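# Remarks on the overall topology
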Amino acid sequence: MIDQTYKVTGMTCASCAAHAEKAAARVEGVIKSDVNIATEKISVRFDENKTSFAQLKRAIEDAGYGLLEEKSPVKKVELAVDGMTCASCSAAVERAVKKLNGIKTASVNLTTNRAAVEYDPAKVKLSEIKAAIVDAGYTPRDIEGEAVRDLEREQRQRVLKNMRTRLIIAIIFSAPILYIAMSHMFPALKLPIPYFMGSHDFPLMFAMVQLGLTLPVIMAGSKFFRVGFKTLLKGAPNMDTLVAIGTGSAFLYGVYATVMIYLGDFGFAQQLYFESAAVVITLVMLGKYLEAVSKGKTSEAIKKLMGLKPKVAIVIKHGQELEVPLDEVAVDDIVLVRPGSTVPVDGIVIEGLSSVDESMLTGESLPVEKQAESTVTGGSINGEGLLKFRVTRVGEDTALSKIIKLVEEAQGKKAPIAKLADIISGYFVPVVLGIAFVASIIWMLTGQDFNFVLNVFVTILVIACPCALGLATPTAIMVGTGKGAELGILIKGGEALETTHKINAVVFDKTGTITEGKPVLTDIKSYGELDVDEALLISASAERGSEHPIARAIVEGAKTRGFEFPEPDGFKAVPGRGIDASVKGKRVLAGNIKLMQENGIDTSMADKDAKALSGAGRTLMYIAVNGKLEALMAAADTVKPSSKAAVAKLKSLGVKVFMITGDNKNTAMAIAKEVEIDNVLADVLPGDKASEVKKLQESRHKVAMVGDGINDAPALVQADVGMAIGTGTDVAVESADVVLMRGDLKEVSTAIALSRATIRNIRQNLFWAFIYNLAGIPLAAGVLFAFGGPLLNPIFAGAAMALSSVSVVTNALRLKRFKIKKDI
């Protein structure tokens, strides 16, 4: 099975998306298909042994739409070539480049000393092209200022420009039609009409002028007719079908009326419907244009992230600094980042000291200090220091590229709440067509004239376009997941986003999630001749060779106080007990109570302190020198600064908080008490974490599991929503539905609040879209008129339809103003 994403062309509304989705689903071998009307893409899971892109394309085309395979584009590059002196030189360079596999075209201009090359980056690299030129005896150079084009953005801009041009044409020609046709309805204003165009004196001229002005509008909106009738013939009518039939009927009746006027029946001069056809088309085009502009704004988070990628990097080779295109940077290259520059790719610092702004990647506003052995991430901004780092990841493997891919995939995935709109949209257009015909027949049977019936027919078709219904969910998901990315919260799709708002229980793993994940020295109690500092110095020296976490905590504690201590003279590890070492001729024992007892050390004077420290969840280390107890040291895994505040915020949201750990109950309760968690699951083996989560689910809890380790992965998958600390293991991050990039537990409550805000926004959109259609259709059908009220004009129906789509997208864009303090 493989998952692929393709571009679908020709869709204009939710029913289009539903028909395209069904067409793909019917292809043999297709397991699942999802169409996102907002991104105009289809995600398909299929068996590559049973179907292919060609079969999918044929099925989509049969449904009336187009399917494009998103291949990596052919790249164009222009290089300066030094050393050429004659035509044979340029010919030699051209031949050398053309020999490479993947070269589409190569042209060398001797006058400008430049080579223009088009190549397939999947088959040949720019570095290989340069190497071929060097092998031919010449020197290639990059031309500074070369722009790397965003083809998708350019295409979007071209589409918008085309829509804008057609809209302007429609406005220019429909405005005078509206003035000519409607001026007589406002006699009090005495709007002037040229004498030769008067409907009473010159009815044919009156009709012909309107016909002439309407034709350019029909041509500007030709897409509605071309797509609308094509999908109707395919048995899958969509929004364009409604507009095409409605406005087409009005236009054709206007043509019929014009013919009748020409034949002498001047009464038809008052029955022209050209203004309805022209103005409705113009209003629908205006709505679609504003919708397209607004939809472009929903993916600004992606644009911002993509904008973080620099175009070049400074690579140090053979002691020289070389500025090379980002594509040419390889793993293990040494890269230099100057103050104020963007870190080009991921790596590990080998030299330098600086602070780096990672806010666009993690949401963390404060710069992060970087020194030797620190990791740096592509897209972050270097501060005032100079950094050298070894490249660890390039291209699609960098953290920034993975984040962009995650957000793109999330924005294309549907939320379960969208299924209702999809189901309705699939049947909506045929039902509306049926309602329009039934309503028209009923009014004809009641004795209404053809003008009245046509008015009802056109108005129902225009006002019922389901654009708003189809845009309600995907636009909100795009903005919500994009906002999450800005805040350092990666939500992997609409389903995760929707489920998160239902969370009423959060389970935190203790080690590395609530706590820092490594013990630190917390207490030193002295009982003998040595004072606290002397006891720490001698024990740190003795423990220097040990890899035990508590031993490392003692060594780090001594270093923190600025102590310098020698290597032990002798060192022996006592498994399960501690160490037996020699420091400056003194025998030092450091370990647990069993080590002391086995060596006859009296520890009674430390019993009271040991009991108190153990009760507080500390791990103890006894220190004896030359057979006498000198000190008792305690270490503990300290709580992260944000943990207590994170728990408090979750409680304020009405969420029940649990802590799960493999530690004993005393240690677990001590940590839980510190962060004010009331529910503790202690002594849980790594393999049992998932079953503990399942027990909570069985007790009617919607559970979010928050963890960072490999042993958390099964529990993350079992939970309704798995949340991984972004600073944790790759396995945990891959297993999770939500990734907290900063590792700040306060992001858990932010994710829940953002999810709630997004689902609230979706519900608002769906409510107004449903209400609009439920109220609009009866109004258009003349229900109010039947009880003495007004009859809705097609022009106002067109304006309302356009407004509904724009209002839904505008409401979704409000999520961009989501504020943590305000919404939590």
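Parameters at a glance
- Residues numbered from 1 in each chain as written.
- Predicted model: local features only at pLDDT ≥ 70, side-chain atom pairs only at ≥ 80, totals over all residues.
- Heavy atoms only, no water.
- Helix = DSSP H or I, 4+ residues; strand = E, 2+ residues; numbered from the N terminus.
- Buried < 20%, exposed > 50% of the residue type's maximum accessible area, 1.4 Å probe, protein only.
- Contact = heavy atoms within 4.5 Å.
- Areas by Shrake-Rupley, 256 points an atom, 1.4 Å probe, with all protein chains shown as cover.
- Salt bridge = Lys/Arg side-chain N within 4 Å of Asp/Glu carboxyl O.
- Pairing = 2+ DSSP bridges.
- Phe/Tyr/Trp six-rings, centres within 6.5 Å; stacked < 30°, edge-to-face > 60°.
- pLDDT = per-residue confidence, 0-100.
- Axes fitted to C-alpha atoms, helices over the stretch in contact; angles between N-to-C directions.
- Parallel < 35°, antiparallel > 145°, perpendicular 65-115°, else oblique.
- Left-handed = near helix turned anticlockwise from the far one by under 90°.
- Nonpolar A, V, L, I, M, F, W, Y, C, P; charged D, E, K, R; others polar.
- Patch = residues over 30% accessible without salt bridge, like charges linked within 9 Å, V, L, I, M, F, W, Y side chains within 5 Å.

Attention shifts here to the overall build of the chain. A count of helical and extended segments in the chain gives 30 helices and 30 strands. Every one of the 824 residues in the chain was classed for burial, and the buried ones make up 51%. By sequence separation, contacts in the chain at least 24 residues apart represent 69% of the contacts at least 6 residues apart. Carbon and sulfur atoms form 56% of the exposed surface of the chain, whose accessible area is close to 38,700 Å².

Two side chains carrying opposite charge are able to pair once their charged atoms lie near each other. By the definition in use, this model includes 13 salt bridges. The partner of Arg338 in a salt bridge is Glu321, and the shortest N-O contact between them spans 2.6 Å. In this pair, Arg338 is assigned in the loop between strand 11 (334-337) and strand 12 (346-352) and Glu321 in strand 10 (residues 320-325), connecting sequence segments 17 residues apart. Residue classification places Arg338 among the partly exposed residues on the basis of a relative accessible area of 36%. In this structure, Glu676 and Lys644 form a salt bridge, with 3.5 Å as the shortest nitrogen-oxygen distance. Here Lys644 lies in helix 22 (residues 643-652) and Glu676 lies in the loop between helix 23 (665-675) and strand 27 (679-681), a separation of 32 residues in the sequence. A residue is classified by how much of its surface remains accessible, and Glu676, at 42% relative accessible area, is partly exposed. The exposure class of Lys644 is partly exposed, given its relative accessible area of 42%.

With that settled, the discussion passes to unusual backbone geometry. The residue Asp332 is not glycine, and still its phi comes out positive at about 80 degrees. Residue position: Asp332 is located in the loop between strand 10 and strand 11. Backbone geometry at Glu373 places phi at a positive 80 degrees, although glycine is not the residue there. Mapped onto the elements, Glu373 comes out in the loop between strand 14 (368-370) and strand 15 (375-376).

Quick look at the pairing of strand 2 (residues 30-36) now. Along strand 2, five of the seven residues are buried, which leaves the element largely enclosed by surrounding structure. Here strand 2 runs beside strand 3 (residues 41-46); their pairing, made up of six bridges, is antiparallel. Directly across from Asn36, in strand 3, lies its bridge partner Lys41.

To continue, consider the packing of aromatic side chains. Enumeration according to the criterion identifies eight aromatic pairs in this entry. With centroids separated by 5.0 Å and ring planes inclined at 45 degrees, the aromatic side chains of Tyr6 and Phe53 adopt a geometry described as tilted. Residue Tyr6 is found in strand 1 (residues 2-9), and its partner Phe53 is found in helix 2 (residues 53-62); the two are separated by 47 residues along the sequence. Looking at Tyr6, the relative accessible area reads 4%, which means it is buried. An aromatic cluster of three or more residues is present, and its members are Trp443, Phe452 and Phe785.

Here the chain averages 79 in pLDDT, and 82% of its residues register 70 or above. Ranking the elements of the chain by mean pLDDT puts helix 30 (residues 820-823) last with 51 and strand 11 first with 91. Confidence drops under pLDDT 50 across residues 144-151; counting only partners more than four residues distant or on other chains, this segment forms seven contacts.

This part covers the environment of Gly482. Relative to the assigned elements, Gly482 resides in helix 15 (residues 467-486). According to the relative accessible area criterion, Gly482 is buried, its value standing at 2%. Sequence-wise, Gly482 and Lys816 are 334 residues apart; in three dimensions their C-alpha atoms are separated by 8.4 Å.

So, about the sheet that holds strand 14. Spatial strand order, 14-13-16: three strands in an open sheet with antiparallel pairing. Either end of the sheet is taken by a strand with one partner, and the two such strands are strand 14 and strand 16 (381-382).

Between helix 18 (residues 532-543) and helix 19 (residues 549-560), the shortest axis-to-axis distance is 9 Å and the interhelical angle comes to 130 degrees. As summarised for this structure, helix 18 and helix 19 are arranged oblique, according to the angle between their axes. Judged by the sense of rotation from one axis to the other, the crossing of helix 18 with helix 19 is left-handed. Residues Leu536, Ser539, Ala540 and Glu543 of helix 18 touch helix 19, and the partners they reach there are Ala551, Arg552, Ile554, Val555, Gly557 and Ala558. Classifying every residue of the contact of helix 18 with helix 19 by side-chain character gives six nonpolar, two polar and two charged.

Together, Leu204, Met208, Val259, Tyr262 and Leu263 make up a nonpolar patch on the protein surface, roughly 520 Å² of accessible area in all. Within the residue set of the nonpolar patch, elements represented by two or more residues are helix 6 (203-220) and helix 8 (239-262). Relative to the elements of secondary structure, Tyr262 occurs in helix 8.

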